[in-house]
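Each chain is listed here by its residues.
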Amino acid sequence: MAAGRKVEHTPRVVIGVTGGIAAYKAAYLVRLFVKAGADVHVIPTPAALEMVGVTTWEALTHHPVLVRTSEHADEVAHVRLGKEADLIVIAPATANTIAKARAGIADNLLLNTLLVAQCPVIMAPAMHTQMWEHPATQENIAVLQARGVHIIPPATGQLTGADSGPGRLPEPEEIFAYAWAILTGENREMRATQDSAERTSLRGRHILVTAGGTHEALDPVRFIGNRSSGRFGLEIARALLERGAQVTVLAAHVSRDITALAPGAEIVPVSSARDLHEAVLARVKDVDGVVMSAAVADFRPAETAASKQKKDGSRKRVVELVENPDILADISHKRRRAGQLIVGFAAETGDAGGTVLDYGREKARRKGADLLVINRVGEKAGFGEVPTEITVVTPAGEIIASGAGTKAQMAVIIGGLIADYFTTERV
């Protein structure tokens, strides 16, 4: 499967539709590609035709729809479509089709076409939460990603029936924007790293990523915490996996639908800053790089009550706080081995005393990490499923990269910087 490249002619897009309930959304996706000027061919699986019929696809694309390899055998349709396509998008991609694609099974026209394709391939999985989280599916996804297939993680929300969770097909507009950027060669940060050199740029490297927000217990019920969801850390883990790295994630209070963003990563749960510190120190000497993207509490209660604390009528309670260990500074100054990369994060808001960049540069100088990602945060920025803005600086404060967009886009930039470090700084 080839890398994304800029297409100068009318782009030829194959949209594969499999037998999931979300197949109806693919009709909207087809319209978006047609409206953008693409020449679109739809290849539904036999099961998909139970959801949306041939007439719909032919009306939208103005092309005949083939399902079986035996149809139009004189044209060898699967070979022709696979060779001529500039992009293949499978949406929805069911667990069944994902498993068959991983195994190289070719029992319908869509799977045959995948086996001869030389263009980028995108899969947008959609299935029940338990099916998505099943180890077999996660292994299949990891293998396909290693081969260069772009995976758009499923959205979280209402599924069929009363259930809710990760497994929904992302909205057609989201899939189209991702796919069109790959197809046209625009917005490199939006493309998954599909060039063969990029996909192996971190092979043999083990990267430790911290993600989420630590909780510092006041008593068995209450804690001091922060608003971090862990999404950025898991997007970074995913970008590193796509470059061939082995990834371990120390996840502080990260939900399962977020950890599912990085299938193939080892997920190790942690809770407090001291838990995280201990887990990092236990692993830091065995990894090639550390990405400290977790939001670590600077302070913790000096004492943790053994039982839930009750109101006492005073309307005021003083909690004494003590500093938590500085994990980033610790590993940067004391725990390193030759050639190891340390990437720190600075979540900043800025105030009357200085800008986000001012505070980030000061932290870069003080912490001693090789790279520091300065991340603007606030009520509507930084935390959760919101756009993010980053500036990456050296310990001397030199800006080497910046960007604004989704966490997935910014994670690709960070993954590229990490790969560049090991390309130019090998010991």
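This report concerns the structure included in the present document. (Residues numbered from 1 in each chain as written. Predicted model: local features only at pLDDT ≥ 70, side-chain atom pairs only at ≥ 80, totals over all residues. Heavy atoms only, no water.)

1. With respect to the pairing of strand 1 (residues 12-17)
Burial within strand 1 is extensive, with five of its six residues counted as buried. Pairing geometry for strand 1 and strand 2 (residues 39-44), over six bridges, is parallel. Across the sheet, residue valine 14 finds its bridge partner in strand 2, namely histidine 41. Where strand 1 and strand 3 (residues 87-93) come together, four bridges link them in parallel fashion. Residue isoleucine 15 lies in a different strand from strand 3, and its bridge partner there is valine 89. (Buried < 20%, exposed > 50% of the residue type's maximum accessible area, 1.4 Å probe, protein only. Helix = DSSP H or I, 4+ residues; strand = E, 2+ residues; numbered from the N terminus. Pairing = 2+ DSSP bridges.)

2. A closer look at the packing of helix 1 (residues 23-35) against helix 8 (residues 172-184)
Taken N-terminus to C-terminus, the directions of helix 1 and helix 8 make an angle of 40 degrees; their axes are 9 Å apart at the nearest point. By the angle between their directions, the pair helix 1 and helix 8 is classed as oblique. In the crossing of helix 1 with helix 8, the sense of the turn from one axis to the other is right-handed. In this structure, helix 1 contributes Lys25, Tyr28, Leu29, Leu32 and Phe33 to the contact, and helix 8 contributes Pro172, Glu173, Ile175, Phe176, Ala179 and Trp180. Of the residues assigned to the contact of helix 1 with helix 8, the class counts are nine nonpolar, no polar and two charged. (Axes fitted to C-alpha atoms, helices over the stretch in contact; angles between N-to-C directions. Parallel < 35°, antiparallel > 145°, perpendicular 65-115°, else oblique. Left-handed = near helix turned anticlockwise from the far one by under 90°. Contact = heavy atoms within 4.5 Å. Nonpolar A, V, L, I, M, F, W, Y, C, P; charged D, E, K, R; others polar.)

3. Remarks on the sheet that holds strand 3
Overall, parallel pairing links the five strands, which are arranged 2-1-3-4-5 in an open sheet. With partners counted over all chains shown, the strands left at the sheet margins are strand 2 and strand 5 (150-151), one partner each. Along the sheet face, helix 5 (residues 109-116) touches strand 1, strand 2, strand 3 and strand 4 (121-125) and points at about 140 degrees away from the line of strand 3.

4. Here's the deal with the sheet that holds strand 8 (residues 206-212)
Sheet architecture is open: eight strands sit in the order 12-11-8-13-16-17-18-19, paired in mixed fashion. Pairing within the sheet leaves two strands with one partner each, and these edge strands are strand 12 (266-270) and strand 19 (399-405). Direction aside, the axes of adjacent strands within the sheet are offset by 15 degrees on average. For strand 17 (residues 371-376) and strand 18 (residues 388-393), the ladder comprises four bridges, and the chain directions are antiparallel. Bridge assignment links isoleucine 374 to a residue of strand 18, and that residue is threonine 391. With respect to the sheet, helix 14 (residues 356-367) is in contact with strand 16 (341-348), strand 17, strand 18 and strand 19, its orientation differing from that of strand 17 by roughly 155 degrees. Docked against the sheet, helix 15 (residues 407-424) engages strand 8, strand 13 (289-292), strand 16, strand 17, strand 18 and strand 19, running at close to 160 degrees with respect to strand 19.

5. Some points on the environment of arginine 256
With respect to the secondary-structure elements, arginine 256 resides in helix 11 (residues 256-259). Residues arginine 256 and glutamate 133, 123 residues apart in the sequence, show an inter-C-alpha distance of 8.7 Å.

6. Digging into the packing of helix 1 against helix 2 (residues 54-61)
The N-to-C vectors of helix 1 and helix 2 enclose an angle of 15 degrees; their axes lie 10 Å apart at closest approach. One element, helix 1, and the other, helix 2, form an angle in the roughly parallel class. You can see that helix 1 and helix 2 cross each other, and the crossing is right-handed. From helix 1, Ala23, Ala26, Ala27, Val30, Arg31 and Val34 reach across to helix 2, where they touch Trp57, Leu60 and Thr61. The residue inventory of the contact of helix 1 with helix 2, partitioned by class, reads seven nonpolar, one polar and one charged.

7. Comments concerning a nonpolar patch on the surface
A contiguous nonpolar surface patch, about 250 Å² in accessible area, is contributed by Phe299, Val319 and Leu321. Within the element layout of this structure, phenylalanine 299 appears in strand 14 (residues 299-301). Exposure remark for phenylalanine 299: the relative accessible area of 39% places this residue in the partly exposed category. (Patch = residues over 30% accessible without salt bridge, like charges linked within 9 Å, V, L, I, M, F, W, Y side chains within 5 Å. Areas by Shrake-Rupley, 256 points an atom, 1.4 Å probe, with all protein chains shown as cover. Salt bridge = Lys/Arg side-chain N within 4 Å of Asp/Glu carboxyl O.)

8. Digging into unusual backbone geometry
The omega torsion of the bond from alanine 91 to proline 92 falls at -5 degrees, within 30 degrees of zero and hence cis. The phi angle at histidine 62 is positive, at roughly 65 degrees, despite the residue not being glycine. By secondary structure assignment, the location of histidine 62 is in the loop between helix 2 and helix 3 (77-84). A residue is classified by how much of its surface remains accessible, and histidine 62, at 67% relative accessible area, is exposed. The backbone of histidine 253 shows a phi angle near 60 degrees, a positive value even though the residue is not glycine. Structurally, the position occupied by histidine 253 is in the loop between strand 11 (246-252) and helix 11. Judged by relative accessible area, which is 36%, histidine 253 ranks as partly exposed.

9. Some thoughts on the side chain of asparagine 112
Relative to the helices and strands, asparagine 112 resides in helix 5. There is a polar contact of 3.1 Å between the side chain of asparagine 112 and the backbone oxygen of alanine 106. (Polar contact = N/O pair within 3.5 Å; in protein donor to acceptor, adjacent residues only side chain to side chain.)

10. Here's the deal with the pairing of strand 19
In this structure, strand 18 lies alongside strand 19, joined through six bridges in antiparallel fashion. Residue pairing in the sheet places threonine 391 in a bridge with serine 402 of strand 19. Where strand 18 hands over to strand 19, the hairpin turn is made up of five residues, of which glycine 397 adopts a positive phi near 90 degrees.

11. Some remarks on the environment of valine 249
With respect to the secondary-structure elements, valine 249 resides in strand 11. Given the relative accessible area of 0%, valine 249 is considered buried. When the C-alpha positions of valine 249 and glycine 212 are compared, they lie 9.9 Å apart, and in sequence the two are 37 residues distant. Excluding its chain neighbours within four sequence positions, the residues that come into contact with valine 249 are Val209, Ala211, Leu234, Ala237, Ala265, Glu266, Ile267 and Val268.

12. Description of the nonpolar core
Grouped together as the largest cluster of nonpolar side chains are 38 residues, with contacts concentrated most on Leu240, Val247, Val249 and Ile418. When residues of this core are traced back to their parent elements, those giving at least two are strand 8, helix 10 (231-242), strand 11, strand 16, strand 17, strand 18 and helix 15. When residues in this core are grouped by element, the largest group, nine residues, is from helix 15. Leave out the neighbours within four places in its chain, and leucine 240 touches Leu202, Ile207, Val209, Ala245, Val247, Gly415 and Ile418. Val13, Val40, Ile152 and Ile175 belong to the second largest nonpolar core, which has 32 residues in total. (Core = buried A, V, L, I, M, F, W, Y, C linked by side-chain atoms within 4.5 Å.)

Any link to function would need more than the numbers given here.
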